Amino acid sequence: MAFELKQVVPWGRTMDEYILMFSLSEDDLNKSIVGFGDGPASFNAEMNSLKRNVVSLDPIYKFSRAEIAERIEETRSTIIEQTSKNAEQFIWNEFSDIHTLEKQRISAMNDFLSDFEDGKKEGRYIAHSMPDKTTFENGQFEIGLSSHFLFLYSQLGLEFHIQTLEEMLRICHEVRIFPLLNLNVEESEVLQEVITYFNQSHQIDIIKVDYEFQKGANKMMVIKKKHL
Ligand SMILES: C[S@@+](CC[C@H](N)C(=O)[O-])C[C@H]1O[C@@H](n2cnc3c(N)ncnc32)[C@H](O)[C@@H]1O
């Protein structure tokens, strides 16, 4: 099925949020990183301006800057309305209120948009839909990240999660996933089955992080091959 932009509600987080969600140390930030489903987050743009190495994969990158900007504009008021309606599901510390949240998210997405065309030419933004195989070598990246993609979209199913993670783990030494909840802010339906599937061959750690905006969404999974 063709991937259409109207299926996507673009909403992008910042580098500081990525650092907290994935407990990225200074050492980690100097490693080669690939983000799966990075969408309009400003992580790649901000890291690039600090001369650090991030490649982002997302099907929305097949669209032009103008098309993505238009889709952001079309959907932003709906996202803000829904977040307002469900305000009790969030912890309002980092963002003191809905207006601060909107300002930060729009600023992050503008940073992404300003960087998008250059980054695409430089191979930092690659249009790619998981679980399709990527063109990268085995173990090409030290860290693979999934922010608000795997587990959150549990409706994609167990098979999708397994195939996507197999490809991520083929090209990355380790993969970190945040959050472990689904869109209803409950433990993702596929979480336990993914753990069962990869447990034999991989080391899996669930780690509490210093980031919690959606209540209870404060843990990441770190998964890497077991050294047998
Ligand atoms: C909620 S956004 C998260 C954006 C960013 N990671 C962040 O946390 O700010 C989810 C992203 O997953 C992307 N996505 C959806 N299906 C995908 C797939 N099959 N492969 C890779 N990315 C996908 C969407 O295009 C969207 O940009």
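Keep in mind the model is a prediction, meaning the values are calculated, not measured.

> Would you take a moment to explain the side chain of His161 for this structure?
Following the sequence through the fold, His161 ends up in helix α6 (residues 158–171). Within the local environment of His161, its side chain forms a polar contact with the backbone nitrogen of Phe151, the two atoms lying 2.8 Å apart. Looking at His161, its side chain comes within polar contact range of the main-chain oxygen of Gly157, at 2.7 Å. With residues up to four places along the chain from it excluded, the contact list for His161 reads Leu150, Phe151, Tyr153, Ser154, Leu156, Val190 and Val194.

> Looking at this structure, I do not really get the site of the ligand. What am I missing?
Near the ligand lie 20 residues; those nearest to it are Arg13, Gly37, Asp58, Met130 and Ser147. Contact between the ligand and Asp58: an oxygen atom at 2.6 Å from a side-chain N or O atom of the residue. Protein burial of the ligand: of its 600 Å² of free accessible surface, 93% is covered by the chains. Placement of the ligand is best described as lying within the largest pocket. Per-class residue counts for the shell around the ligand are 10 nonpolar, seven polar and three charged.

> Is there a simple way to explain the side chain of Asn44 in this structure?
By secondary structure assignment, the location of Asn44 is in helix α3 (residues 43–49). Here Ser56 takes part through its side chain, which lies 3.0 Å from a polar atom of the side chain of Asn44.

> When you look at the packing of helix α4 (residues 65–85) against helix α5 (residues 98–121) in this model, what are you seeing that I'm missing?
Two packed helices can be described by the angle between their axes and the distance between those axes. Orientation of α4 relative to α5, taken along the N-to-C sense of each, is 165 degrees, at an axis distance of 11 Å. Judged on the interaxial angle alone, α5 and α4 are roughly antiparallel. Here α4 runs over α5; the crossing is right-handed. Of the residues in α5, those touching α4 at Arg65, Ile68, Ala69, Ile72, Arg76, Ile80, Thr83 and Ser84 are Ile98, Leu101, Glu102, Ile106, Met109, Phe112, Leu113, Ser114, Phe116 and Glu117.

Calculation criteria
Residues numbered from 1 in each chain as written. Predicted model: local features only at pLDDT ≥ 70, side-chain atom pairs only at ≥ 80, totals over all residues. Heavy atoms only, no water. Helix = DSSP H or I, 4+ residues; strand = E, 2+ residues; numbered from the N terminus. Polar contact = N/O pair within 3.5 Å; in protein donor to acceptor, adjacent residues only side chain to side chain. Contact = heavy atoms within 4.5 Å. Near = heavy atom within 4 Å. Areas by Shrake-Rupley, 256 points an atom, 1.4 Å probe, with all protein chains shown as cover. 1 Å grid on protein atoms, 1.4 Å probe; cavity = no way out; pocket = protein on both sides within 12 Å on 5 of 7 lines; lining within 4 Å. Sits in = over half its atoms within 2 Å of the grid points. Nonpolar A, V, L, I, M, F, W, Y, C, P; charged D, E, K, R; others polar. Axes fitted to C-alpha atoms, helices over the stretch in contact; angles between N-to-C directions. Parallel < 35°, antiparallel > 145°, perpendicular 65-115°, else oblique. Left-handed = near helix turned anticlockwise from the far one by under 90°.

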